[in-house]
Amino acid sequence: MKKWILILLMGILTGCLDDNDNDYIYHTHDNSVVLLKINYTDFEFEGGIELFLHSEFNNSDTIPISVEYVSPGDFGSISLFYEPREELIFDGSIIWDGTGYRKFPKRLYHPDNFLYLDEEIEKPADERFQIIFPEEGVDYPLESIWNSINDLSIVNRYLKGGKNIGIFRYTPSVGEGNPDEWSWYVIMNTVPD
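Note that the structure is a prediction, hence the values are computed from the model and not measured. (Residues numbered from 1 in each chain as written. Predicted model: local features only at pLDDT ≥ 70, side-chain atom pairs only at ≥ 80, totals over all residues. Heavy atoms only, no water.)

Caption draft 1: The pattern of salt bridges, seen in detail. In this structure the tally under the stated criterion is four salt bridges. One salt bridge connects Arg-169 with Glu-135, and the closest N-O pair in it is separated by 3.0 Å. One end of the pair, Arg-169, is in strand 8 (residues 165-170); the other, Glu-135, is in the loop between strand 7 (129-132) and helix 2 (142-147), with 34 residues separating them in the sequence. By relative accessible area, Glu-135 is classed as partly exposed at 24%. (Salt bridge = Lys/Arg side-chain N within 4 Å of Asp/Glu carboxyl O. Helix = DSSP H or I, 4+ residues; strand = E, 2+ residues; numbered from the N terminus. Buried < 20%, exposed > 50% of the residue type's maximum accessible area, 1.4 Å probe, protein only.)

Caption draft 2: The arrangement of the confidence of the model for the protein chain in detail. Mean pLDDT over the protein chain: 88, with 84% of residues reaching 70 or higher. Under a pLDDT of 50 for its full length, residues 12-27 has, in the predicted model, four contacts with residues more than four places off or in other chains. (pLDDT = per-residue confidence, 0-100. Contact = heavy atoms within 4.5 Å.)

Caption draft 3: Examining the environment of Ser-93 more closely. Examined against the element boundaries, Ser-93 turns out to sit in strand 5 (residues 87-95). Judged by its relative accessible area of 9%, Ser-93 falls in the buried class. Ignoring anything within four residues of it in the chain, the contact list for Ser-93 reads Gly-76, Ser-77, Gly-100, Tyr-101, Lys-103, Tyr-170 and Pro-172. Within the local environment of Ser-93, its side chain forms a polar contact with the backbone nitrogen of Tyr-101, the two atoms lying 2.9 Å apart. (Polar contact = N/O pair within 3.5 Å; in protein donor to acceptor, adjacent residues only side chain to side chain.)

Caption draft 4: Fine view of the pairing of strand 4 (residues 75-82). Within strand 4, seven of the eight residues are buried, which leaves it mostly tucked inside the rest of the structure. In this structure, strand 3 (residues 65-70) lies alongside strand 4, joined through six bridges in antiparallel fashion. From the neighbouring strand, Val-67 faces strand 4, where its bridge partner is Leu-80. What sits between strand 3 and strand 4 in their antiparallel hairpin is a turn of four residues. Sheet topology places strand 4 next to strand 5; eight bridges connect them, and they run antiparallel. (Pairing = 2+ DSSP bridges.)

As structure tokens, this is what we get:
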């Protein structure tokens, strides 16, 4: 009896398959960003992710990112969107008396999943760095941030896109906030190969 049920189910399932390629949706991506997470205090590379976007590649030098910031009276958030289609590339909560968390992207690849170069990449000029959501009175240690990712193959590939290099400071805890819980993010944009 079980054999007949299995054969019947296989027949139904294969009957649902259609060899017509027009029924399948293929996503093409002409644009991508990479987010690389760096520890705020010791500048250790902690991982990253490459996001493929549906927005067309913008040929300007800057990365077209808009910011939606909700000030943490108690609970707040910060979201980064790639324009003009408002594609979410980062979302995190901010808590005044506690610690928020990164909601998107949910997961990052471990540093061991990245390819490393034999030689370090020389730091670009400071003018090539784009501070995302600049905060008054904050020191942006570009040299230390760059030195944590200057041997990654993906950084070398994204540099060839010619875009600025985004630097974003994520502080999920504020008020008395603990810098050990904070992160730097490097955001780079290019057309994928």
